[in-house]
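Working through the structure, step by step
Read off the chains here:
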Amino acid sequence: MARQEFATLVFEGDRFKAAMPVQALPELAAYQELVLAVAKGLFAARNPQRKNVPRGFADSFRLVLDRVEGGSAVPVLLRETTPTSEGLLGKLGHDFYDQARDVVERSIRAVAEGREIPSEMPRDALAKFNAFGRTLADDEAIVVAPPASRQGARYTREIRRKLVLHVRSEFEEPVTLVGWVVTVGREPALGFVLRTAVTYQRLDVRSSNVVFERAVRALKEETPVLLVGTGLFDATGKLTKVTEVSDLSSTEGDTDGERPGCRVSLEEQVRSLEGLAPGWYDADSPAFDPAALTWTAQLFRGVVESFDLPTPYVYPTPEGEVRAEWSGEPWEVAVIVDTRTRRSEAFATEVSTGEVHENSFTLSEAGAESKMGRFLAQHFHGRFAG
Amino acid sequence: MSRRKLDLEEGVLFRQVHPTFMRDGRASRQAFRPTKKDEGFLSVARSTLTTAQGAYHLHTVGRELQSVGTWGITVQECAAEELSAYEAPLECPPEKIADPAHAVVDFNGFSNGQREAKAVGLARAAEARRRLYPPPDDDPKGDDIPF
């Protein structure tokens, strides 16, 4: 059995600075599947008279992880060949796998540079980009580089989306959602409907037996849930359904009475803002819309329970926004929600150094509330590793 | 307008806190940063020229504004946040009431996030000093005025 370097994937982002997280390992298998699909397409284009690839074509392409180099997480992939696969390659007279690797890299680079996808890229294979890069966050990338190099095409979520949408009208992405289970059903398939906490969107969720039982319990107990899984998005980026759930957790029997933080319940604090008349702080301070405050209370409730935060201290701002603040060590966190624009700004201040991290969220977008909750919780619970 | 910068020996600067910025005895961090209309200047009063009680009464009776009490930060604590304080006496007219002790802490030149972080630092310093007027012992849990 022989092995030779095939490709180097450089994972960029904070998550990959120290080591290769196991959550990202499926990317390696997805990359192999992508290259294989492209190789099949290249074979078909070169052999239009053939209906299928030769027997053993797929088995002849096998990648193994040689090592993960440091500096960033850099898995080095080796291609393994056997006498059988070498025999097949000899018959084919052309190395479709090496060509496929290069076509993948060129296609990524073309999209990144705003050019057309190379004509040699088989259109059917573009759908395979759906599985590759699925675990990437917005600020992460995979540099797809040739053997013995770290210079290559930079692959991001945005490039993945563009490649997939060339051949499909929808694409899948990981989602983390906060919401309530509103119905459950066993027919036609096991699943439930989740109403998201902020956008009130009703989403069909396909589930396994274990997840289904948790959904039934959350429905019965009327507790909010945190769903982690895979969502299906249309070409406009709208989440249309949840196709897979990897975790569904609920906060059973949680109440403000047992929760640290402000001793006044969250709902009572938010509701109290209804009593503020126009001009309550200065001449321009607006009154608060009761419906918007109900929405705000639900948003904070979902975030607090899903991310195990103390009850925040809630205040109005003179500009008509709602602030929630949490005192903690080493980080103090706060979020300011504008109910009119449905946007929020979150701040985390490291108390001893004054270092500040900030992020803004468009709460009308699916999953934004959980991104906001994660930002707050990572800092508040001291799990931020920046 | 040229304003004299207050030196580090100036001592405590008094800050009034709006009732809606108190919850369960905790002051919002926004009480220690300028609002969007304040043009980057946080209003305070100098302890070398007035008292915590005097500053409270001038604010609530003289200016007829709401306050749940007087908190204090020092020029040194401002400096630790890279903020400078300046004297800014108010005259009548044009102001409704004169305030020779009025001063400002200058947040200009800092981003919104940096202002937020500096407000956290100042609020924590003020919390450690506790409310200066009315004295907290008079009203240990009564800081939170319902509205």
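Residues numbered from 1 in each chain as written. Chains lettered and ligands numbered in written order. Predicted model: local features only at pLDDT ≥ 70, side-chain atom pairs only at ≥ 80, totals over all residues. Heavy atoms only, no water.

Turning to the pairing of strand E7 (residues 191–196) of chain A, a few remarks are in order. All names here are of chain A. Counting buried residues along E7, five of its six residues qualify, which places the element largely inside the surrounding structure. Sheet analysis places strand E6 (residues 170–185) next to E7, joined by six bridges and oriented antiparallel. Paired with Trp-180 across the bridge in E7 is Arg-195. Looking at chain direction, E7 and strand E8 (residues 202–206) are connected through five bridges and run antiparallel. Bridging from a neighbouring strand, Val-193 pairs with Asp-204 of E8. (Buried < 20%, exposed > 50% of the residue type's maximum accessible area, 1.4 Å probe, protein only. Helix = DSSP H or I, 4+ residues; strand = E, 2+ residues; numbered from the N terminus. Pairing = 2+ DSSP bridges.)

This paragraph deals with the nonpolar core. In terms of nonpolar packing, the biggest core is built from 65 residues, with Tyr31(A), Phe129(A) and Leu227(A) touching the most fellow members. If you tally residues by element for this core, the top one is helix H1 (residues 26–46) of chain A, at eleven residues. Those residues in contact with Tyr31(A) that lie beyond four places of it in its chain are Phe6(A), Ala7(A), Leu9(A), Leu63(A), Leu77(A), Arg101(A), Val104(A), Phe132(A) and Val144(A). Ranked by size, the runner-up nonpolar core spans 59 residues in total, among them Trp295(A), Ala368(A), Ala377(A) and Phe107(B). (Core = buried A, V, L, I, M, F, W, Y, C linked by side-chain atoms within 4.5 Å. Contact = heavy atoms within 4.5 Å.)

An order of E11-E12-E13-E14-E15 (chain A) is seen for the five strands of this open sheet, with the pairing classed as antiparallel. Looking at which strands have only one partner, the edges of the open sheet turn out to be strand E11 (313–316) and strand E15 (356–362) of chain A. Between one strand axis and the next, the sheet turns by 15° as a mean value, whatever way the strands run. Running at roughly 20° to strand E12 (residues 322–326) of chain A, helix H7 (residues 290–306) of chain A makes contact with E11, E12 and strand E13 (331–338) of chain A of the sheet. Contacts between helix H3 (residues 112–129) of chain B and the sheet are confined to E12, E13, strand E14 (343–350) and E15 of chain A, with E14(A) contributing the most and set at about 50° to the helix. (Axes fitted to C-alpha atoms, helices over the stretch in contact; angles between N-to-C directions.)

Turning our eyes to something else, we now look at the interface of chain A and chain B. Of the residues lining the interface, 35 residues belong to chain A; the matching set on chain B comes to 26 residues. Between chain A and chain B, the buried area comes to about 2,600 Å², and carbon and sulfur atoms account for 48% of it. Our count for the chain A to chain B interface comes out at ten salt bridges. Among the salt bridges present, the one from Arg124(B) reaches Glu329(A), with a minimum N-O distance of 2.5 Å. Summed over the shared surface of chain A and chain B, the result is 18 residue pairs in polar contact (both at pLDDT 80 or more). Where the side of chain A that touches chain B is concerned, the elements lending two or more residues are helix H6 (266–272), E11, E12, E13, E14 and E15 of chain A. (Buried area = accessible area lost by both parts, 1.4 Å probe. Salt bridge = Lys/Arg side-chain N within 4 Å of Asp/Glu carboxyl O. Polar contact = N/O pair within 3.5 Å; in protein donor to acceptor, adjacent residues only side chain to side chain.)

Throughout the structure, instances matching the rule amount to 44 salt bridges over all chains. A salt bridge links Arg340(A) to Asp338(A); the nearest nitrogen and oxygen atoms lie 3.1 Å apart. In this structure, Glu10(B) engages Arg46(B) in a salt bridge whose closest nitrogen and oxygen atoms are separated by 2.8 Å. Of this pair, Glu10(B) sits in the segment before strand E1 (12–16) while Arg46(B) sits in strand E4 (residues 41–46), and the two are 36 residues apart along the sequence. Assessed through its relative accessible area of 9%, Arg46(B) is described here as buried. One salt-bridge network, in which partners are shared between bridges, spans Arg323(A), Glu325(A), Glu329(A), Glu332(A), Arg26(B), Arg29(B), Arg33(B), Glu116(B), Arg124(B) and Glu127(B).

On to the side chain of Asp99(B). All names here are of chain B. In this fold, Asp-99 is placed in the loop between strand E6 (84–87) and strand E7 (102–106). A distance of 2.8 Å separates polar atoms of two side chains, one belonging to Asp-99 and the other to Arg-63. In this structure Asp-99 touches Leu-58, Arg-63, Pro-89 and Leu-90, once residues within four positions along its chain are discounted.

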